[in-house]
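Structure assessment
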Amino acid sequence: VWKYRYLIHPALPESLTVSRNEGATTMYRSDRVSQYAGISLHLKHDGENPTGSFKDRGMTVAVSEALRLGMKRTVCASTGNTAASAASYSAVAGMECTVYVPAGKVSQSKMAQTLAYGARVVEVDGTFDNALEESLDLVEDGSYTLNSINPWRVEGQKTVLYEILECMSDVDIISVPAGNLGNTSAIGKAIMELDTLGLLKKVPRLVAVQAEGAAPFYRMWVEHSESISRVEPVTVASAIRIGNPVSWKKARRAIEYTSGTVVSVSDEEILEAKRCIDRAGIGCEPASAASVAGIRKMVQEGEISRDERVVAILTGNLLKDPMSPVGNKV
Ligand code: F0G
């Protein structure tokens, strides 16, 4: 990530950089997954980051900024991956970390990771959305928020686009699983900035893929609504079980700017795509497979032509949420 220091946080002194060498993840090609999706597909595996998800790209920047500001305590709400990442980077920086999670709804492996890194876990009755609201009380008491409402998280998460462009100079479509919409916003910001400077050969269409049972952004998009309506989120993909995404305005701007779209896929489609990615020897957590399921759906519906260059981002490691697909919906 810090290879792109001058594009994400030029003012940060190197001595204050809290890093675990995140980024530089693998771009895979798999005949099996391409055949499944119905198009030649590149898979950018951000589950290869130090704590096993893309969150580390943003966390390294946000925690570095917290250190620069002299903060002693951090806080976030999470479906699990932000928690594990925040806990790790806060521990590296010597800060106390508190995470708010929806009670009983976070995978055991993400919870184990978070506790092992020494974070304090507060279980909240309700969803991620309730946990986020509660976490903001601690922000008022002087803790530094590590959710993607923090703009430094977004800055770090821009780097996945730079890596994709280093690997393939022109890309037609980038698909990403969408929950709280921080990642969609970050990739969109990176595209808009490079395009403003005239550095893009073409603007890739950004595709945000939501799980059918947690798809308020999809609903807003297809209904051309002025604002988002909260839903009670239900999906096997625990990482994106979010009913009131905070970054919807930035994400909508990103989708509009790139002439992209929002897709929704069922839990069955997510698990079928995951099975294929797993059997291909690559593997990912359920939420991540939404990006591939979304592309397959668009190909089937004739929204992508066979010669387009498509990248699906895999956001989390296989071991992150291993029990959901075998029926234990933690
Ligand atoms: N994929 C995975 C594996 C995630 O953990 C998340 C979000 C997303 C996709 C969606 O990204 O929220 O930027 O649209 N996980 C958050 C968390 C909410 O708490 O770990 P988004």
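Here the structure is a predicted model, which means the values were calculated and not measured. (Residues numbered from 1 in each chain as written. Predicted model: local features only at pLDDT ≥ 70, side-chain atom pairs only at ≥ 80, totals over all residues.)

**A short note on the site of the ligand**
- Not every one of the 23 residues close to the ligand is listed here, only the nearest: Ser78, Asn81, Asn180, Thr315 and Gly316.
- Where the shell around the ligand is concerned, the elements lending two or more residues are α4 (81-93), α9 (182-196) and α13 (286-300).
- In terms of residue count, α9 provides more of the shell around the ligand than any other element does, 3 residues in total.
- Along the lines of polarity and charge, the residues of the shell around the ligand split into 6 nonpolar, 15 polar and 2 charged.
- Structurally, the shell around the ligand is a two-domain feature, drawing no fewer than three residues from each of domain 1 (2-53 + 152-326) and domain 2 (55-150). (Near = placed C-beta within 6 Å. Helix = DSSP H or I, 4+ residues; strand = E, 2+ residues; numbered from the N terminus. Nonpolar A, V, L, I, M, F, W, Y, C, P; charged D, E, K, R; others polar. Domains from an automatic or database assignment.)

**Concerning the nonpolar core**
- If you look at the biggest cluster of nonpolar residues, it comprises 91 residues, and the most contacted ones within it are Ala86, Ile174, Ile187, Ala208, Phe217 and Ala290.
- The element contributing the most residues to this core is α13, with 7 residues.
- Both of domain 1 (2-53 + 152-326) and domain 2 (55-150) provide at least three residues apiece to this core.
- Setting aside its immediate chain neighbours within four residues, Ala290 contacts Pro177, Val209, Ala211, Ala237, Ile240, Val265 and Ile270. (Core = buried A, V, L, I, M, F, W, Y, C linked by C-beta atoms within 7 Å. Buried ≥ 20, exposed ≤ 12 C-beta atoms within 10 Å, placed from the backbone. Contact = placed C-beta atoms within 7 Å.)

**Here's the deal with the packing of helix α3 (residues 55-69) against α4**
- Across the interface, α3 lies against α4 with an axial gap of 9 Å and an inter-helix angle of 40°. By the criterion of interaxial angle, the relationship of α3 to α4 is oblique. Seen along the crossing, α3 lies across α4 with a hand that is right-handed. Residue-level contacts link Lys55, Asp56, Met59, Thr60, Val63, Ala66 and Leu67 of α3 to Asn81, Thr82, Ser85, Ala86, Tyr89, Ser90 and Ala93 of α4.
- Of the residues contributing to the contact of α3 with α4, the split by class is 7 nonpolar, 5 polar and 2 charged. (Axes fitted to C-alpha atoms, helices over the stretch in contact; angles between N-to-C directions. Parallel < 35°, antiparallel > 145°, perpendicular 65-115°, else oblique. Left-handed = near helix turned anticlockwise from the far one by under 90°.)

**Details of helix α6 (residues 128-140)**
- Taking 1.5 Å of rise per residue, the 13 residues of α6 would be expected to cover 18 Å, and the 19 Å separating its terminal C-alpha atoms lies within 8% of that figure.
- Against the buried residues of α6 lie β3 (73-77), β4 (96-102) and β5 (120-124).
- Among the residues trailing α6, Gly142 stands out with phi positive, at a value near 105°. (Expected span 1.5 Å × (residues − 1).)

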